[in-house]
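Results of the structural survey
Each chain is listed here by its residues.
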Amino acid sequence: MIRSLRKEVCMEMGERQAIYQVSTLQALARGNYYGSTDMETLLTHGDTGLGTFHAVGGELIVIDGHAYRVLGDGSAVEAATSDTTPFATVTWLREQVPVTLKRQPSIEALKDILTEQVRELGINDVYIVRIDGHFRSVSARTELEQQEPYLPFAKVLEKDERRFTFEDIDGSLIGIYIPDYLSGVNTSGWHSHFISADRKKGGHVFDLDLEEGRVIFNKADRFILDMPHNKQFERGDLTAASQEEIKQIEQYVDTGETRTDGWYPEWIGMTMQFRP
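Summary of the structure given here. (Residues numbered from 1 in each chain as written. Predicted model: local features only at pLDDT ≥ 70, side-chain atom pairs only at ≥ 80, totals over all residues. Heavy atoms only, no water.)

**A closer look at the side chain of His-193**
Just so we agree on the cut-off: Numbered from the N terminus, helices here are DSSP runs of H or I no shorter than four residues, and strands are runs of E no shorter than two. For every residue, the accessible area obtained with a 1.4 Å probe (protein chains only) is divided by the maximum for its type, and the residue is called buried under 20%, exposed over 50%, and partly exposed between those limits. Under this definition, polar contacts are N or O atom pairs within 3.5 Å; protein pairs additionally need one hydrogen-donor-capable and one acceptor-capable atom, and for neighbouring residues in sequence, both atoms have to be side-chain atoms.
Residue placement: His-193 occurs in strand 12 (residues 189-196). Overall, His-193 belongs to the buried group, its relative accessible area being 0%. Only 3.2 Å separates the side chain of His-193 from the side chain of Glu-59, close enough to count as a polar contact. Looking at His-193, its side chain comes within polar contact range of the main-chain oxygen of Leu-60, at 2.9 Å.

Here it is as structure tokens:
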């Protein structure tokens, strides 16, 4: 499978591919949830990607040139063109002959095989993957819309994260790989969102069991950062986002709490970090 993927990617190496991003992870971590780019504009920069909405009002999945919002119960609805995002990453997915991927029983297993491909092609570029297939299960989350004054993102998800599991479902996984040197600008490593084939369910993925999938794997060697024009971004101290806050957004953090209201104290974040 790796050799096949490498051949497909290398056939495209003559064309440069850009990743377009709205704002930075540091800004999001510090509570800058003010939407700065609407969906109509975002979709002029790419047809595939992920992010969130104004006031972190649900997970954002961009696929086939459409933007979807995941609500608190895990249902997905198409976003309005006027809806805005404070943080999103998109690209134009290049067409390739899909490569078949056999069963991956966990997110860790999937990360391993995708990271092997990254090492083959170069660890300092950005990658985007789309996997269409049948999933035995997908464990995902979203978050509820916030009201001002905004709390830091880690605090928001302590009370307003909502989790759910989809079983025996067809759908698509959109994943983005960010190299370590861009940590803080975005989350380093792999991050992914899921949307069902009927576009009615989705979320930010923290585990899965993939029965079989068809993979498109793109490499990007341009990174375009669109900084928001609001006073919170222009005047805020983005360096105040500590490594611990970034870690909380990127991956599981065990708080030691026991909750019985459906909330689980795991890692929180806008886009998925595969567990190491």
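**A word on the environment of Gly-133**
Heads up, the condition is: The contact rule is simple, with two residues in contact once any of their heavy atoms fall within 4.5 Å.
Residue placement: Gly-133 occurs in strand 10 (residues 126-143). As for Gly-133 and Leu-173, which are separated by 40 residues in sequence, their C-alpha atoms are 8.5 Å apart. In this view, Gly-133 contacts Ile-169, Asp-170, Gly-171, Glu-212, Gly-213 and Arg-214; residues no more than four positions away in its chain are not counted.

**Observations regarding the side chain of Asn-32**
With respect to the secondary-structure elements, Asn-32 resides in the loop between helix 2 (25-29) and strand 2 (37-38). In this structure the side chain of Asn-32 is engaged in a polar contact, spanning 3.4 Å, whose partner is the backbone nitrogen of Tyr-34. Once residues lying within four places of it in the same chain are set aside, the contact partners of Asn-32 are Ala-27, Pro-86, Asn-230, Gln-232 and Phe-233.

**Here's the deal with the sheet that holds strand 5 (residues 66-70)**
As a reminder of what qualifies: Strands were regarded as paired on the criterion that DSSP finds at least two bridges between them. Lines are fitted to the C-alpha atoms to define the axes, a helix being fitted only along its stretch in contact, and any angle between axes, read from their N-to-C directions, falls within 0 to 180 degrees.
On the basis of which strands lie adjacent, the open sheet formed by seven strands has the order 6-5-4-3-8-1-14 and mixed pairing. In this open sheet, the two strands that pair with only one neighbour each are strand 6 (76-78) and strand 14 (222-226). Strand after strand, the sheet turns through a mean of 20 degrees between neighbouring axes, direction not considered. Note: strand 1 (residues 18-22) against strand 14, five bridges, orientation parallel. Bridged to Val-22 within strand 14 is Asp-226.

**Let's talk about the packing of aromatic side chains**
Rules: Only Phe, Tyr and Trp rings take part, Trp by its six-membered ring, and two of them pair if their centres are within 6.5 Å. Stacked means planes under 30 degrees apart, edge-to-face means over 60, and tilted covers everything else.
In total, this model carries 10 aromatic pairs according to the counting rule given. Taken together, a centroid distance of 5.2 Å and an interplanar angle of 80 degrees make the contact between Phe-135 and Phe-194 edge-to-face. One end of the pair, Phe-135, is in strand 10; the other, Phe-194, is in strand 12, and 59 residues separate them in sequence. Neither residue differs from the other here; Phe-135 and Phe-194 are each classed as buried. Linked through ring pairs, Tyr-33, Tyr-34, Tyr-150 and Phe-153 together constitute an aromatic cluster.

**Quick look at helix 5 (residues 153-160)**
Stated precisely, the cut-off is as follows: It is the directions from the helix axis to the C-beta atoms that the arc portrays.
Turning to helix 5, its buried residues number three or more, namely Phe-153, Ala-154, Val-156, Leu-157 and Asp-160. End-on view of helix 5: buried residues confined to an arc of 155 degrees, all on one side of the axis.

**Some thoughts on unusual backbone geometry**
Here the residue pair Glu-148 and Pro-149 is connected by a cis peptide bond, since its omega of 0 degrees sits within 30 degrees of zero. Within the secondary structure, Pro-149 sits in the loop between strand 10 and helix 5. One non-glycine residue, Ser-23, adopts positive backbone phi at about 65 degrees. With respect to the element layout, Ser-23 can be found in the loop between strand 1 and helix 2. Looking at Ser-23, the relative accessible area reads 2%, which means it is buried. A positive phi angle, close to 65 degrees, is found at Ala-55, a residue other than glycine. Topologically, Ala-55 is positioned in the loop between strand 3 (48-52) and strand 4 (59-63).

**Details of the pairing of strand 11 (residues 161-178)**
Burial analysis of strand 11 places 13 of its 18 residues in the buried class, the great majority of the element. Across 16 bridges, the pairing between strand 10 and strand 11 is antiparallel. Of the residues in strand 11, the one forming a bridge with Val-138 is Phe-166. Here eight bridges tie strand 11 to strand 12, and the two strands are oriented antiparallel to one another. Paired with Ile-174 across the strands is His-193, a residue of strand 12.

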